[in-house]
Amino acid sequence: MPDFPLTTAVIFAHGRQLYSDSEVITYRDGAAGRSSFGEIAAAADRLAAGLQAAGVQMGDRVGTLCWNTDVHLTAYLAVPCVGGVLHTV
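Just so it is clear, the model here is predicted, and its values are computed rather than measured.

K.L.:
Give me the lowdown on a nonpolar patch on the surface, citing residues and values where you can.
P.N.:
A surface patch of nonpolar side chains, amounting to about 380 Å² of accessible area, comprises Phe4, Leu6, Val10 and Ile11. Note that valine 10 resides in helix H1 (residues 8-19). Valine 10 gets classed as partly exposed once you look at its relative accessible area, which sits at 30%.

K.L.:
Break down the packing of aromatic side chains for me, with residues and values.
P.N.:
This model, assessed by the stated rule, comprises 1 aromatic pair. Ring centres 6.2 Å apart and planes at 70° place the aromatic pair phenylalanine 12 and phenylalanine 37 in the edge-to-face group. Here the residue phenylalanine 12 occupies a position in helix H1, and phenylalanine 37 occupies one in helix H2 (residues 37-53), the gap between them amounting to 25 residues. Classification of phenylalanine 37 by relative accessible area gives buried; the value is 15%.

K.L.:
Help me get a handle on the side chain of serine 36, residues and values and all.
P.N.:
Note on placement: serine 36 falls in strand E2 (residues 31-36). Not counting chain neighbours up to four residues away, the residues in contact with serine 36 comprise Ser20, Asp21, Ser22, Glu23 and Val24.

K.L.:
An account of the packing of H1 against H2 is needed here, citing residue identities and associated values.
P.N.:
Contact geometry for H1 and H2: axes closest at 9 Å, N-to-C directions at 145°. Judged by the sense of rotation from one axis to the other, the crossing of H1 with H2 is left-handed. Mapping the contact onto sequence places Phe12, Gly15, Arg16 and Tyr19 in H1 and Phe37, Ala41, Ala42, Ala44 and Asp45 in H2. By residue class, the composition of the contact of H1 with H2 is 6 nonpolar, 1 polar and 2 charged.

K.L.:
Give a description of helix H3 (residues 70-81) that names residues and reports values.
P.N.:
A rise of 1.5 Å per residue sets the reference length of H3, with its 12 residues, at 16 Å; its end C-alpha atoms lie 17 Å apart and thus fit the reference within 8%. Turning to H3, its buried residues number three or more, namely Asp70, His72, Thr74, Ala75, Leu77, Ala78 and Val79. Considering only its buried residues, H3 is in contact with H1, strand E1 (23-28), E2, H2, strand E3 (61-64) and strand E4 (85-88).

K.L.:
With reference to specific residues and values, describe unusual backbone geometry.
P.N.:
Here the phi dihedral of aspartate 29 falls at roughly 50°; this positive angle occurs in a residue that is not glycine. Mapped onto the elements of the fold, aspartate 29 is located in the loop between E1 and E2.

K.L.:
Account for the nonpolar core, with residues named and values stated.
P.N.:
Counting residues in each nonpolar core, the largest one holds 14 residues, and the members touching the most others are Phe12, Phe37, Ala44, Leu51, Val56, Leu77 and Val82. Elements supplying a minimum of two residues to this core: H2 and H3. Sorting elements by how many residues they give to this core places H2 first, with 6 residues. Apart from residues lying up to four places away in sequence, phenylalanine 12 is in contact with Phe37, Ala41, Ala44, Asp45, Leu77 and Cys81.

Criteria and cut-off values
- Residues numbered from 1 in each chain as written.
- Predicted model: local features only at pLDDT ≥ 70, side-chain atom pairs only at ≥ 80, totals over all residues.
- Heavy atoms only, no water.
- Patch = residues over 30% accessible without salt bridge, like charges linked within 9 Å, V, L, I, M, F, W, Y side chains within 5 Å.
- Areas by Shrake-Rupley, 256 points an atom, 1.4 Å probe, with all protein chains shown as cover.
- Salt bridge = Lys/Arg side-chain N within 4 Å of Asp/Glu carboxyl O.
- Helix = DSSP H or I, 4+ residues; strand = E, 2+ residues; numbered from the N terminus.
- Buried < 20%, exposed > 50% of the residue type's maximum accessible area, 1.4 Å probe, protein only.
- Phe/Tyr/Trp six-rings, centres within 6.5 Å; stacked < 30°, edge-to-face > 60°.
- Contact = heavy atoms within 4.5 Å.
- Axes fitted to C-alpha atoms, helices over the stretch in contact; angles between N-to-C directions.
- Left-handed = near helix turned anticlockwise from the far one by under 90°.
- Nonpolar A, V, L, I, M, F, W, Y, C, P; charged D, E, K, R; others polar.
- Expected span 1.5 Å × (residues − 1).
- Core = buried A, V, L, I, M, F, W, Y, C linked by side-chain atoms within 4.5 Å.

Shape is all these values report; function is a separate question.
Set out below in structure tokens:
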């Protein structure tokens with residue numbers, strides 16, 4: 001059993017360390033968009049900083065209205081990392 005809490009932030013850091021070069025493919029309007037997990041992680045860091053600057057705190061609810069794309073993956077990672085509760089709308 002680990003001696004630390006298994007949080008989204010811990011899983012995210014592990015994924016960034018091991019899979020930063022892995023490709024994330026998103027299909028929009030019939031075309032594939034490609035980015036690396038490292039790029040998604042950097043976008044999630046920026047979103048997390050923006051959420052904190054906007055006043056999101058531990059336990060606050062954050063709703064998303066996104067298709068299942070890299071943008072939603074970014075929010076899916078960023079919101080819990082700042083302590084927010086992600087709700088898909």
